[in-house]
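In case you want the letters, here they are:
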Amino acid sequence: MRRWGSAIVGHAGLTSPRELVGDMPLEVVYTRAERLRSSGGRTLQRWAGRLAAKRAVLRLLGLPPTPERLGQVEILPLPTAACRADRACLGGHPPSVRLRGDLAALPSADGPDGPADPAGPAGPAASGAGWIRVSISHTDVRAVALAVRTRRLPEDGEG
């Protein structure tokens, strides 16, 4: 495994999430929760950002971006404790990484408190060298993501 991974997904000239994934099945690459979160008026930029984040995590883990592996990396917003206390959260939510399926069972998915939950951790993905976090940025033509290992932070809570 690496200490970091990055990925760029171009989306200039594309009009749908299906075009982003090419021949890969959209329903395999994106989890149901991701598809629900990304639909309903969300821009293609958000779909591309989520795909870039998945690819960055797989690069961090040293794994190829197959449709199945991409679908085992779930990228969803993680509301902070401050946001949960106030329903009018205007600052956005940092993305969380949840490793599912075979990826959750990897020895590298074990956190300092033991093995990762097969259903995925409640927050950023635990790994042997720390937690996996992603940062996503996008423009009107491409999305860029960086996945890194970090120590747990106070806002991660006890889970």
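To start, this report covers the structure provided alongside it. (Residues numbered from 1 in each chain as written. Predicted model: local features only at pLDDT ≥ 70, side-chain atom pairs only at ≥ 80, totals over all residues. Heavy atoms only, no water.)

### Some remarks on the overall build of the protein chain
Here is step 1 of the chain: Helices and strands together make up the secondary structure of the protein chain, namely seven helices and six strands.
Here is step 2 of the chain: Counted from the first residue to the last, the protein chain has its helices and strands arranged as β-α-α-α-α-α-β-α-β-α-β-β-β.
Here is step 3 of the chain: Across the 159 residues in the protein chain, those meeting the buried criterion constitute 41%.
Here is step 4 of the chain: Sequence separation of 24 or more characterises 57% of the internal contacts of the protein chain that already satisfy a separation of 6 or more.
Here is step 5 of the chain: Carbon and sulfur atoms provide 54% of the accessible area of the protein chain, an area that totals close to 8,700 Å². (Helix = DSSP H or I, 4+ residues; strand = E, 2+ residues; numbered from the N terminus. Buried < 20%, exposed > 50% of the residue type's maximum accessible area, 1.4 Å probe, protein only. Contact = heavy atoms within 4.5 Å. Areas by Shrake-Rupley, 256 points an atom, 1.4 Å probe, with all protein chains shown as cover.)

### Structural notes on the packing of aromatic side chains
Here is step 1 of the chain: This structure, assessed with the given rule, holds one aromatic pair.
Here is step 2 of the chain: Judged by centre distance (4.9 Å) and plane angle (90°), the rings of Tyr-30 and Trp-47 are edge-to-face. Here Trp-47 lies in helix H4 (residues 44–61) and Tyr-30 lies in the loop between helix H2 (26–29) and helix H3 (32–38), a separation of 17 residues in the sequence.
Here is step 3 of the chain: What makes Tyr-30 buried here is its relative accessible area of 0%. (Phe/Tyr/Trp six-rings, centres within 6.5 Å; stacked < 30°, edge-to-face > 60°.)

### What to know about the side chain of Arg-133
Here is step 1 of the chain: By the element assignment, Arg-133 lies in strand E5 (residues 130–138).
Here is step 2 of the chain: A polar atom in the side chain of Arg-133 sits 2.7 Å from the side chain of Thr-150. (Polar contact = N/O pair within 3.5 Å; in protein donor to acceptor, adjacent residues only side chain to side chain.)

### Quick notes on the pattern of salt bridges
Once the charged atoms of two side chains with opposite charge are near each other, the side chains can pair.
Here is step 1 of the chain: Per the stated rule, a full pass over the model turns up four salt bridges.
Here is step 2 of the chain: A salt bridge links Arg-18 to Glu-27, with the shortest nitrogen-to-oxygen separation between them at 2.6 Å.
Here is step 3 of the chain: Residue classification places Glu-27 among the partly exposed positions, given a relative accessible area of 43%. (Salt bridge = Lys/Arg side-chain N within 4 Å of Asp/Glu carboxyl O.)

### Section: the side chain of His-11
Here is step 1 of the chain: Along the polypeptide, His-11 turns up in the loop between strand E1 (4–10) and helix H1 (17–21).
Here is step 2 of the chain: Overall, the relative accessible area of 4% leaves His-11 in the buried class.
Here is step 3 of the chain: Among the polar contacts made by the side chain of His-11, one reaches the main-chain carbonyl oxygen of Thr-139 at a distance of 3.2 Å.
Here is step 4 of the chain: In contact with His-11, other than residues within four places in its own chain, are Leu-20, Leu-44, Gln-45, Ala-48, Thr-139, Asp-140, Val-141, Arg-142 and Ala-143.

### Some remarks on the environment of Leu-44
Here is step 1 of the chain: Residue placement: Leu-44 occurs in helix H4.
Here is step 2 of the chain: With 99 residues separating them along the chain, Leu-44 and Ala-143 place their C-alpha atoms 9.9 Å apart.
Here is step 3 of the chain: If sequence neighbours within four positions are ignored, Leu-44 has contacts with His-11, Leu-14, Thr-15, Ser-16, Pro-17 and Leu-20.

### Some thoughts on the pairing of strand E3 (residues 95–99)
Here is step 1 of the chain: For E3, the buried fraction is high: four of the five residues fall into the buried class.
Here is step 2 of the chain: Pairing between strand E2 (residues 73–77) and E3: five bridges, direction antiparallel. When the sheet's bridge partners are listed, Leu-76 is paired in E3 with Ser-96. (Pairing = 2+ DSSP bridges.)

All we've got here are geometric facts, nothing functional implied.
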